[in-house]
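Listed below are the residues making up each chain.
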Amino acid sequence: MAMWQGAMDNRGFQQGSFNSFRSSSSDEDLMDIPGTAMDFSMRDDVPPLDGEIEEDKSYNGGGIGSSNRMMDFLEEPIPGVGTYDDFNTIDWVREKSRDRDRHREITNKSKESTWALIHSVSDAFSGWLLMLLIGLLSGSLAGLIDISAHWMTDLKEGICTEGFWFNHEHCCWNSDHVTFEDRDKCPEWNSWSQLIISTDEVLSAAAAAGVSVAFGAPIGGVLFSLEEVSYYFPLKTLWRSFFAALVAAFTLRSINPFGNSRLVLFYVEFHTPWHLFELVPFILLGIFGGLWGALFIRTNIAWCRKRKTTQLGKYPVVEVLVVTAITAILAFPNEYTRMSTSELISELFNDCGLLDSSKLCDYENRFNTSKGGELPDRPAGVGVYSAMWQLALTLILKIVITIFTFGMKIPSGLFIPSMAVGAIAGRLLGVGMEQLAYYHHDWAIFNSWCSQGADCITPGLYAMVGAAACLGGVTRMTVSLVVIMFELTGGLEYIVPLMAAAMTSKWVADALGREGIYDAHIRLNGYPFLEAKEEFAHKTLAMDVMKPRRNDPLLTVLTQDSMTVEDVETIISETTYSGFPVVVSRESQRLVGFVLRRDLIISIENARKKQDGVVSTSIIYFTEHSPPMPPYTPPTLKLRNILDLSPFTVTDLTPMEIVVDIFRKLGLRQCLVTHNGRLLGIITKKDVLKHIAQMANQDPDSILFN
């Protein structure tokens, strides 16, 4: 009793809450226990491991008046244990191991009762059920966004008197007072000028924001996630993503948001096949897309960095309002900037027919329309030339506005604005090629495949290829980009032109800068993302990267059965590390496992609240059995259930190219470095990123993590 009282007087009680420790964790390396000496010699007096300890109830450290009382409150799960704080990296190896153990336990219990069997079956199908719900919700939201976007776009011009929830097209569908040629003019649709007698024209604040709609590209979405988003993408995730995309596409098709019984956002139907010579202008569009991508990334990152480092970043709402007002003022006079971006792209992709009333289709008709068939190339009319000037101005405005809007605190989007830039450039080039073939069909480059009066060039195809080129230059996508484009447009037979433009834009953009827009923003925001696209080819070892380094404080560790609650609380309060290695003893440094900071905090706090007798001098142990304790000592605290007994380890002589590959493919948060089974140090993902930067002749200390 006197020994316990003296220990409590020396160490004191720490009954306070751990809330002050919760917000200080990070993924940094682990170090800093003063007075700890590394000893790598083999000793015979190494403390025994779990299997070598015989349970002796007379030494189990019971509480006051009890010699066999042992705290093991973690047999029941505690809320919060095993979870992660916000903005912390997920340890995918640990999560996969825990999921496997949980599934094994459920399977073993399934033979005990019918209810356990039902629980096992429901657990097996829970992942697929979640994918089903995600697909249904995604498809429903996509349909809602599509319908709402079209309605809000038309709301800028007028409103349907038969029902305000109808957009312009749906309003005129059931009208008995309109012909097919004038299908967009019906008495049920009234413009604001007809409803409001005024000289205060209506400007829409929505002109600044891009239209964010679902693309109706389920396969391309899965490939985009695989190519651009995820660095840890197991096969199970691929199948489930495909299933979710399938359900979302089915739901979107059932809603029929476009009113044409099609799933695609920009349906195209070109009647003329492309010719081999046209690969030259397609490649030119790829070069333009690469130049645009490099320009956009550099200028946008410079503007976003200025936003983060100046007073501008403190007023995001003011920035949005100012950019919106400027965009509305500049965009409204031009009909191509006034319309929604998705509507503009649809018009640029369009293959002109006899009944099209757009200025882009204002050609001089010098043929007999009664013969039917495909429309030949025709000389451009006044409307086409006027549209070319307006599109040129639209191109300049779209380039400038997109640079400033992406990264603002508003969902302005990236895909649609980038596609619009490329579609405008492609349509301009396509019309130019069309007129060149019409007036000079006898040139050597045309006479073998383009005769007078034939339909040789399709400007809408050039717009589609240009859209793919600019989107590829910005995002550096290749496979998923081509799939998304032919899913968006339904133009499966034009894969080769899309592939040529996508690859050319990527090569040109990579020559001017290796990072895509997503990678650049990840680096700008300080996210510890380990890029999987480039190989690590340097001949360094794990011992060159691990912490602690030479002249650094020693590694912070916990011992398996000799530290008190106060000792652990002190380490938690004095460090910000996200986890701690557990060793047999500081002298031996034999590795036992790894425990997360968050789990320690929650477990100790829960024990103080719910278990009697847990005080600052209570011994914490991570072994299967309680260590031998003298009588009349406070109850011990068993935390073995929160200990990871199989942390990922590498030796100090492991090449870093293997370590980097392990981090990329397994999604590791950290790995421990050992030498002959003894703990030497730790390597975290941030250490790997800093080392890669150092090998690229960058200052590793200049890399800031958010």
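Keep in mind that what you see is a predicted model, and the values were worked out from it rather than measured. (Residues numbered from 1 in each chain as written. Predicted model: local features only at pLDDT ≥ 70, side-chain atom pairs only at ≥ 80, totals over all residues. Heavy atoms only, no water.)

Brief notes about the overall build of the protein chain
Item 1. A tally of regular secondary structure across the protein chain gives 22 helices and eleven strands.
Item 2. Across the 706 residues of the protein chain, 48% fall into the buried class.
Item 3. Accessible area for the protein chain stands at about 35,500 Å²; split by element, carbon and sulfur atoms hold 59% of it. (Helix = DSSP H or I, 4+ residues; strand = E, 2+ residues; numbered from the N terminus. Buried < 20%, exposed > 50% of the residue type's maximum accessible area, 1.4 Å probe, protein only. Areas by Shrake-Rupley, 256 points an atom, 1.4 Å probe, with all protein chains shown as cover.)

Some words on the sheet that holds strand β10 (residues 670-675)
Item 1. Pairing is mixed in the open sheet, where three strands are placed in the order β9-β10-β11. Only two strands of the sheet have a single neighbouring strand rather than two, namely β9 (649-651) and β11 (678-684). Looking at each pair of strands side by side, their axes are set apart by 35° on average, direction ignored.
Item 2. Taken together, the three bridges between β9 and β10 define a ladder with parallel strand orientation. Bridge assignment links T651 to a residue of β10, and that residue is T674.
Item 3. Contacts between helix α21 (residues 656-666) and the sheet are confined to β9, β10 and β11, with β11 contributing the most and set at about 60° to the helix. (Pairing = 2+ DSSP bridges. Axes fitted to C-alpha atoms, helices over the stretch in contact; angles between N-to-C directions. Contact = heavy atoms within 4.5 Å.)

Comments concerning the pattern of salt bridges
Item 1. Per the stated rule, a full pass over the model turns up eleven salt bridges.
Item 2. Where K359 meets E335, a salt bridge forms, and the shortest distance between an N and an O atom there is 3.0 Å. Note that K359 is positioned in the loop between α12 (341-349) and α13 (382-405) and E335 in helix α11 (residues 335-338), a separation of 24 residues in sequence.
Item 3. Take K359: its relative accessible area is 25%, and that puts it in the partly exposed class.
Item 4. Judged by relative accessible area, E335 falls into the partly exposed class, the value being 28%.
Item 5. The shortest N-O distance in the salt bridge between R640 and E624 comes to 3.1 Å. Placement of R640 in the loop between β8 (637-638) and β9 and of E624 in the loop between β7 (619-621) and β8 is noted, with a sequence separation of 16 residues between them. (Salt bridge = Lys/Arg side-chain N within 4 Å of Asp/Glu carboxyl O.)

Brief notes about unusual backbone geometry
Item 1. In the segment running from K547 into P548, the intervening peptide bond is cis, with an omega of 5°.
Item 2. Summarising the element assignment, P548 is placed in the loop between α18 (517-525) and β3 (558-559).
Item 3. Although it is not a glycine, Q589 sits at a positive phi angle of roughly 60°.
Item 4. Tracing the backbone shows Q589 in the loop between β5 (579-583) and β6 (591-596).
Item 5. A positive phi is found at N676, a non-glycine position, where the angle reads about 55°.

Some remarks on the confidence of the model for the protein chain
Caution applies to low-pLDDT regions: their predicted coordinates should not be interpreted in detail.
Item 1. Of all residues in the protein chain, 72% have pLDDT values of 70 or greater, and the mean over the chain is 75.
Item 2. Across the protein chain, β3 holds the top mean pLDDT of 93, while helix α1 (residues 2-11) sits lowest at 41.
Item 3. Considering only residues more than four positions removed or in separate chains, one finds that residues 369-373, a stretch of pLDDT under 50, has one contact. (pLDDT = per-residue confidence, 0-100.)

Focus: the packing of α21 against helix α22 (residues 685-695)
Item 1. Where α21 contacts α22, the two axes come as close as 11 Å, and the packing angle between them is 130°. In terms of axis orientation, α21 runs oblique to α22. The element α21 and its partner α22 pack so that their crossing is left-handed. Seen from α21, the contacting residues are M656, V660 and F663; seen from α22, they are K685, V688, H691 and I692. (Parallel < 35°, antiparallel > 145°, perpendicular 65-115°, else oblique. Left-handed = near helix turned anticlockwise from the far one by under 90°.)

Quick look at the packing of aromatic side chains
Item 1. The tally for this structure, following the rule as stated, stands at five aromatic pairs.
Item 2. Relative to F404, the ring of W303 lies with its centre 4.9 Å away and its plane at 75°, an arrangement referred to as edge-to-face. Note that W303 is positioned in helix α9 (residues 279-309) and F404 in helix α13, a separation of 101 residues in sequence.
Item 3. Site record: aromatic cluster; members linked through ring pairs are W292, F296 and F406.
Item 4. Against the face of F332 rests R338, its NZ or CZ located 5.0 Å from the ring centre. (Phe/Tyr/Trp six-rings, centres within 6.5 Å; stacked < 30°, edge-to-face > 60°. Lys NZ or Arg CZ within 6 Å of the ring centre and 35° of its normal.)

Focus on the sheet that holds β6
Strand-to-strand pairing in sheets goes through backbone hydrogen bonds, with the strands running parallel or antiparallel.
Item 1. The three strands are arranged β3-β5-β6 in an open sheet whose pairing can be described as mixed. Edge positions in the open sheet fall to β3 and β6, since each of these has one partner strand only.
Item 2. In terms of strand pairing, β3 meets β5 through two bridges, oriented parallel. Looking across to β5, one finds that L558 is bridged to V582.
Item 3. Here helix α20 (residues 597-610) sits on the sheet in contact with β3, β5 and β6, set at roughly 75° to β6.

Quick word on the nonpolar core
Item 1. Counting residues in each nonpolar core, the largest one holds 67 residues, and the members touching the most others are F296, L348, F349, L391, M464 and M485.
Item 2. Of the residues forming this core, the biggest block, eleven residues, is contributed by helix α15 (residues 459-475).
Item 3. Ignoring anything within four residues of it in the chain, the contact list for L391 reads Y336, L344, L348, L360, I424, R427 and L428.
Item 4. In this structure, V565, V582, V595 and A607 belong to the second largest nonpolar core, which totals 23 residues. (Core = buried A, V, L, I, M, F, W, Y, C linked by side-chain atoms within 4.5 Å.)

Brief notes about α22
Structurally, the α-helix is built with 3.6 residues per turn, so residues lying three or four positions apart point the same way.
Item 1. Those residues of α22 that sit buried are K685, K686, D687, V688, L689, H691 and A693.
Item 2. In this fold, the buried residues of α22 make contact with α21 and β11.
Item 3. The first or second residue beyond α22 is N697, which carries a positive phi of 65°.

Some remarks on the UniProt feature "transmembrane region" (unreviewed entry) in the protein chain
Item 1. Mapped onto this numbering, the UniProt entry annotates "transmembrane region" (unreviewed entry) at residues 125-145, 202-226, 238-256, 276-297, 317-334, 387-407, 414-433 and 461-486.
Item 2. Between the end C-alpha atoms of residues 276-297 the distance is 32 Å, and the span holds 86% helix and 0% strand.
Item 3. This span, residues 414-433, is 95% helix and 0% strand, and a straight line between its end C-alpha atoms measures 29 Å. (UniProt positions renumbered as here; feature names shortened; annotations may be inferred.)

Focus: the pairing of β5
In regular strands, side chains alternate between the two faces of the sheet.
Item 1. Taking burial as the measure, the five residues of β5 include five buried ones, the bulk of the element.
Item 2. Covered by surrounding structure in β5 are G579, P581 and V583 together with F580 and V582, the residues of both alternating faces.
Item 3. Pairing geometry for β5 and β6, over five bridges, is antiparallel. Within β6, the residue paired with P581 across the bridge is F594.

Digging into the packing of α12 against helix α14 (residues 415-439)
Two numbers describe a pair of packed helices, the interaxial angle and the distance between the axes.
Item 1. Taken N-terminus to C-terminus, the directions of α12 and α14 make an angle of 30°; their axes are 9 Å apart at the nearest point. Relative to α14, α12 is oriented roughly parallel. Crossing of α12 over α14 shows left-handed handedness. Across the interface between the two elements, T341, S342, L344, I345, E347, L348 and F349 from α12 touch I416, P417, M419, A420, A423, I424 and R427 from α14.
Item 2. Residue composition of the contact of α12 with α14, grouped by class: ten nonpolar, two polar and two charged. (Nonpolar A, V, L, I, M, F, W, Y, C, P; charged D, E, K, R; others polar.)

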